[in-house]
Amino acid sequence: MAKGLCLNGCKRPGQGAEGPRKRRKADGGGAGLDPEEKSCRLSAALLGEDSEISQEQLYELLKYAALGRCHNAAQPSWCHIYHQSHLAGVVVVVLHEMSQLHFYRFYLQFKHLRKVFRHRFTLAPSANFPVSLYGEGTNLKPQSTPQGLTSTSSECITKSSDLQCDPIIQRYGAKKQGLTSYTLTLEEQEKNGYPIEGSPKSKGYISTECDQQRTDSSPLFGLDCEMCVTAKGNEVTRVSLVDAQGQCLLNELVKPESRVVNYCTRFSGVTKKMLLPVKTRLSDIQTRLKEMLPHDAVLVGHSLNFDLQALEMIHPSVIDTSLLFARSEGRRFKLKFLAKAVLGKEIQSEQKLGHDPTEDARAALELAQFFIEQGPTKVAELNLEMLLTAEKLAEVSQNKAVLQPQGCEFQEQLNEPPPILQRALEDVPLSKFSIIQFTLGPEYLASHLHAGLHEKVRSKLTDMLTIYAGPFEENFCMKSVKKEFGRCGPIQSLTVVTETFQPYVCIQYQVLEAAQLAVECLNGAEVAGSCIKVQRPVTAAMLDCNVLIKELELDVENEGVIYVAGLKNSLTETDLQEEFSQLKDLETLFLPKDLQSGKHRNCCFLKFQKTQSAVDALEAINGWTMKGSELRSRNALAPGHLWRWIWQMSYSNGKQGKHIFYEKMEQLCDSEQDLRKKVKKLDHRIKKLYRSLQNNTLCVVLFPGVNRSGFKFGCTPLK
């Protein structure tokens, strides 16, 4: 059974409405995406026979995704990754014991997988595929406990030569420096929304009057505020200040001046009842802060700009830990994650009502102290991006109530990646690889169940490729019928149905588009002197045929691709390139060939750079005459890897499978119904997993197959 691979390209930054500013601070906050920032993108213009790739080509992709040009890695020969330097990581999802058979048998159930993962390929079989993928003696038994942030994987071991692309090293250099090197400049404060002296946005704000020149021995103070939403906007409800030793100097509730609209209790922990007896106002806090802070004080906080805005205060020297621990593309780590990954501390516990500002202020202060004492190189060696990916994947795996269907096991494996991935890890230890493995359980892997699924898929594909046309007159001309229906695409077989009162013809095509085109164009038409009806077989398996056809047509793989039939056999690919060259934005032409004879069929596929260009081409081609033959066209239904697989399925010997299928009919029906539910839940899990990934993550889904002889490859647009 064919192996498959689905590629996401890259998960791109999503566009969402901004919540209250304090909530953005609690979630890692920071400035929005710069319109000029570049996101990663994968392009793979493979069509037809080219939709099969080798394991070496898969390795090329993973190696370049991990290394990029800064490590002299070459672009893959068969696809292109744009803006690789912004790639956050690589996640490989392995769906054990599942193949292309399962993907298309449960095509409607894989709703998210087929809509998000835009690129799909067949991975060429190898003589010893399990070993090449998993390695000799690899233990594939799923583990119940995923890796945490304390993983000792080789991914955490870094070399100084590998750190040059790290955003922290690029910003601060590799050498240790004093604290003044990490305070924000005036320009950086202005860019990140800090209150600035003389700025119109800071009109009426109070200065801390800490105007003495800072040195590397200036005292650090951690500051954090909790806010609520009032008729005026965001106002302070609680303030905490800690000194360099972590001692709490201030922890006060503050009564807002305006009417409270939302206490934001989920984040602030402050309730209406708590504020009722409070007399302290913002002006009181401003006065106390001015009195407490020495003239050379350096304030430390996480997204501290929001705190100072809420306090309506201006302070000239700040260290912002959300910016200190630099990431690419303006993204920021959450304070909770940094505290756990860097300090080994758990803060902002879900068991507590809201955040503790003293705890947050102390965490931000200790993070800044760690950075200053250890230096940028030590911080970069923590490989925080990889740890964040591991944490998010662990969160997905542990959310059993939402993600784990009963009987569907899960494994996250970071320490023993397959050899294909291990090669890239050996080349660059900073590679951010995570491997997620799913299995449906042994009860769904019995040979008779697999044979039954195979026979069901083969039978349904045969029905979808088959149409019935008629009625005809007794002495109708079969040659005329074959000619007319042959204009819709290559015919596999054509037989006369004699069981009916008037003759009908059963026509089986070689491609799905041809059968659909015949139904759409010839139903109600006059053929061989008779007005005929064209329809597909009416069986239980075909009741959802129209739904399946519509979903195939809308599949992201078929965007901008059209099917053209009615070509003369004498036409060559060069002739077609010349004839279709006048069509706008034509990217690729694929001329299918018979896998036995090697001769091309009387149809082709055209892929356009823009969807609208494909729509325009459809209108132009229908009715177009080429070398005396009238063409017919419609939107494509089957990508290259699918039509090739259909051809193999159509010619496969299904006798043994058929015998087992009928022998175990009752058992198969029950098992398949259960399997259909589990596949739907599995698709939901993949959806949750995908949403948990960082933006600009390359995600690969592998379908190794039951006997490991084939493999389906897929990749979505890079997240």
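Only a predicted model underlies this, so the values are computations on that prediction, with no experimental measurement involved.

Help me understand the sheet that holds strand β25 (residues 603-608), please; the structure alone is not making it clear to me.
Each strand in a sheet pairs with its neighbour through backbone hydrogen bonds, running either in the same direction (parallel) or in the opposite one (antiparallel). Strand order across the open sheet formed by four strands is β24-β25-β23-β28, with antiparallel pairing between neighbours. At either end of the open sheet lies a strand with only one pairing partner, and these are β24 (586-590) and β28 (632-635). Strand-to-strand twist in this sheet, taken as the mean axis angle between neighbours without regard to direction, amounts to 25°. Of the strand pairs in this sheet, β24 and β25 are connected by four bridges, and their pairing is antiparallel. Bridging from a neighbouring strand, Thr588 pairs with Lys607 of β25. Seen against the sheet, helix α21 (residues 512-522) touches β23 (561-565), β25 and β28 and runs at an angle of roughly 110° to β28. Those strands touched by helix α24 (residues 611-621) are β23, β25 and β28, and its axis lies near 15° from that of β23.

Would you mind showing me how to read the pairing of strand β17 (residues 466-470) here?
Within a regular strand, side chains alternate between the sheet's two faces. Burial analysis of β17 places four of its five residues in the buried class, the great majority of the element. Across four bridges, the pairing between β17 and strand β19 (residues 504-509) is antiparallel. Looking at the pairing, Thr466 lines up with Gln508 of β19. Where β17 meets strand β22 (residues 533-535), three bridges bridge the pair, whose relative direction is antiparallel. Within β22, the residue paired with Ala469 across the bridge is Val534.

Sorry if this is basic, but what is going on with the side chain of Thr183 here?
Checked against the element boundaries, Thr183 lands in the loop between α6 (167-172) and α7 (186-191). Residue classification places Thr183 among the buried positions, given a relative accessible area of 17%. Looking at Thr183, its side chain comes within polar contact range of the main-chain oxygen of Thr180, at 3.0 Å. Non-local contacts of Thr183, meaning those with residues more than four positions away in its chain, are made with Glu188, Val298, Ser317, Val318 and Ile319.

So what exactly am I meant to see when it comes to unusual backbone geometry here?
Most peptide bonds take the trans configuration, and most residues that are not glycine carry a negative phi. With an omega of 0°, the peptide bond between Gly470 and Pro471 qualifies as cis. Take Pro471: it is sitting in the loop between β17 and α20 (478-486). A positive phi angle is found at Asn383, which is not glycine, with a value near 55°. For Asn383, a relative accessible area of 5% gives the class buried. Backbone geometry places Asp585, a non-glycine residue, at a positive phi of 65°.

Explain the sheet that holds β17 to me, please; I cannot follow it from the model alone.
Reading across the sheet, the four strands line up as β18-β19-β17-β22 and stay open at both edges, with antiparallel pairing between neighbours. Two strands bound the open sheet, and with one partner strand each, they are β18 (491-497) and β22. The sheet shows a mean angle of 20° between the axes of neighbouring strands, direction not considered. Of the strands in this sheet, β17, β18, β19 and β22 are in contact with α20, which crosses β18 at around 140°.

I'm lost on the nonpolar core in this one. Help?
In globular proteins that are soluble, nonpolar side chains generally tend to be buried together. Grouped together as the largest cluster of nonpolar side chains are 39 residues, with contacts concentrated most on Val93, Leu95, Met98, Phe110, Leu113 and Phe703. Secondary structure elements with two or more residues in this core: β5 (89-95), α3 (100-105), α4 (111-116), β16 (433-439), α19 (447-464), α22 (545-554), α27 (665-692) and β29 (697-703). Among the elements that take part in this core, α27 stands out by supplying six residues, more than any other. Once residues lying within four places of it in the same chain are set aside, the contact partners of Met98 are Phe110, Leu440, Val679, Leu682, Phe703, Pro704 and Gly705. Core analysis: the second largest hydrophobic core is formed by 33 residues, Tyr182, Val300, Leu335 and Val379 among them.

Please explain the pairing of strand β9 (residues 234-242) as it appears in this structure.
Summarising burial for β9: seven of the nine residues are buried, a large majority. Where strand β8 (residues 220-230) and β9 come together, eight bridges link them in antiparallel fashion. Pairing of Val229 across the sheet is with Asn234, part of β9. Following β8, the chain reverses through three residues before pairing antiparallel with β9; Gly233 in that reversal takes a positive phi of roughly 140°.

Honestly, the environment of Glu209 in this entry has me stumped. Any pointers?
Here Glu209 shows up in the loop between β7 (206-207) and β8. With relative accessibility at 44%, the residue Glu209 sits in the partly exposed group. Separated by 87 residues in sequence, Glu209 and Asp296 place their C-alpha atoms 9.5 Å apart. In contact with Glu209, other than residues within four places in its own chain, are Lys290 and His295.

Would you take a moment to explain the pattern of salt bridges for this structure?
In this structure the tally under the stated criterion is 17 salt bridges. Of the charged contacts, one joins Asp544 and Lys460 as a salt bridge, the two residues approaching to 2.8 Å between their closest N and O atoms. Residue Asp544 is located in the loop between β22 and α22, and its partner Lys460 is located in helix α19; the two are separated by 84 residues in the primary sequence. Residue Asp544 is classed as partly exposed on the basis of its relative accessible area of 28%. For Lys460, a relative accessible area of 13% gives the class buried. Overlapping salt bridges bring together Glu484, Arg487, Glu630 and Arg632 as one network.

Could you clarify how one ought to interpret the confidence of the model for the chain in this entry?
The predicted coordinates of low-pLDDT regions are not to be read in fine detail. The predicted model of the chain averages 79 in pLDDT, with 74% of residues at 70 or higher. For residues 15-37, every residue scores under 50 in pLDDT, and the model assigns this stretch 44 contacts once sequence neighbours within four places are set aside. A low-confidence stretch, residues 398-418 (pLDDT under 50), is modelled with 69 contacts involving residues beyond four sequence positions or located in other chains.

Calculation criteria
Residues numbered from 1 in each chain as written. Predicted model: local features only at pLDDT ≥ 70, side-chain atom pairs only at ≥ 80, totals over all residues. Heavy atoms only, no water. Pairing = 2+ DSSP bridges. Helix = DSSP H or I, 4+ residues; strand = E, 2+ residues; numbered from the N terminus. Axes fitted to C-alpha atoms, helices over the stretch in contact; angles between N-to-C directions. Contact = heavy atoms within 4.5 Å. Buried < 20%, exposed > 50% of the residue type's maximum accessible area, 1.4 Å probe, protein only. Polar contact = N/O pair within 3.5 Å; in protein donor to acceptor, adjacent residues only side chain to side chain. Core = buried A, V, L, I, M, F, W, Y, C linked by side-chain atoms within 4.5 Å. Salt bridge = Lys/Arg side-chain N within 4 Å of Asp/Glu carboxyl O. pLDDT = per-residue confidence, 0-100.

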